[in-house]
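# Remarks on the overall topology
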Amino acid sequence: MALLMSCLMSFVISLFNVGLVHNILFIWLKAWGFAFVIAFPAVVAVSPLVRRLVSLVIED
């Protein structure tokens, strides 16, 4: 999930910031690498809390 999220968001933000320039692929891959380094630990850290909150809201 973090892989797809960081990929999509970094691509959209890169296009928004610099437009469709000749080296957009390099700019996007650089941004994606940075985004993944941030997104993966965030997902790992936050997902247990979210699961706990969801289990409290949806009691069986």
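An account of the accompanying structure is given in this report. These numbers were taken from a predicted model, which means no experiment stands behind them.

This next bit is on the environment of glutamate 59. Relative to the assigned elements, glutamate 59 resides in the segment after α2 (24-57). For the pair glutamate 59 and leucine 20, spaced 39 residues apart in sequence, the C-alpha to C-alpha distance is 48 Å.

What follows deals with the side chain of serine 14. Within the fold, serine 14 resides in helix α1 (residues 2-18). On the basis of relative accessibility, which here comes to 7%, the residue serine 14 falls in the buried class. Once residues lying within four places of it in the same chain are set aside, the contact partners of serine 14 are Gly19, Ile24, Ile27, Trp28 and Ala31.

A word on the environment of serine 6. With respect to the helices and strands, serine 6 occurs in helix α1. Excluding residues that lie within four positions of it along the chain, serine 6 makes contacts with Trp32, Ala35, Phe36 and Ala39. Reaching out from serine 6, the side chain makes a polar contact with the side chain of tryptophan 32 at a distance of 3.0 Å.

Turning our eyes to something else, we now look at the packing of aromatic side chains. A complete count under the given rule lists three aromatic pairs for this structure. Aromatic pair phenylalanine 11 and tryptophan 28: ring centres 5.5 Å apart, planes at 80 degrees, arrangement edge-to-face. With phenylalanine 11 in helix α1 and tryptophan 28 in helix α2, the pair connects residues that are 17 residues apart, well separated along the chain. Owing to a relative accessible area of 35%, phenylalanine 11 belongs among the partly exposed residues under this scheme. The exposure class assigned to tryptophan 28 is buried, which follows from its relative accessible area of 16%. Among the aromatic side chains, those forming a connected cluster through ring pairs are Phe11, Trp28 and Trp32.

Because each turn of an α-helix spans 3.6 residues, side chains separated by three or four positions in sequence point in the same direction. Along its 17 residues, α1 runs 24 Å from first to last C-alpha, staying within 8% of the 24 Å computed at 1.5 Å per residue. Inspection of α1 places Ala2, Ser6, Cys7, Ser10 and Ser14 among the buried residues, and these make up the whole buried set. Buried residues of α1 fall within an arc of 125 degrees about the axis and therefore sit on the same side. Residues of α1 that are exposed and point over 90 degrees away from its buried face: Leu4 and Phe16. Looking one or two places after α1, you find glycine 19, whose phi comes out positive at around 80 degrees.

Scoring rules and cut-offs
Residues numbered from 1 in each chain as written. Predicted model: local features only at pLDDT ≥ 70, side-chain atom pairs only at ≥ 80, totals over all residues. Heavy atoms only, no water. Helix = DSSP H or I, 4+ residues; strand = E, 2+ residues; numbered from the N terminus. Buried < 20%, exposed > 50% of the residue type's maximum accessible area, 1.4 Å probe, protein only. Contact = heavy atoms within 4.5 Å. Polar contact = N/O pair within 3.5 Å; in protein donor to acceptor, adjacent residues only side chain to side chain. Phe/Tyr/Trp six-rings, centres within 6.5 Å; stacked < 30°, edge-to-face > 60°. Expected span 1.5 Å × (residues − 1). Arc of directions from axis to C-beta.

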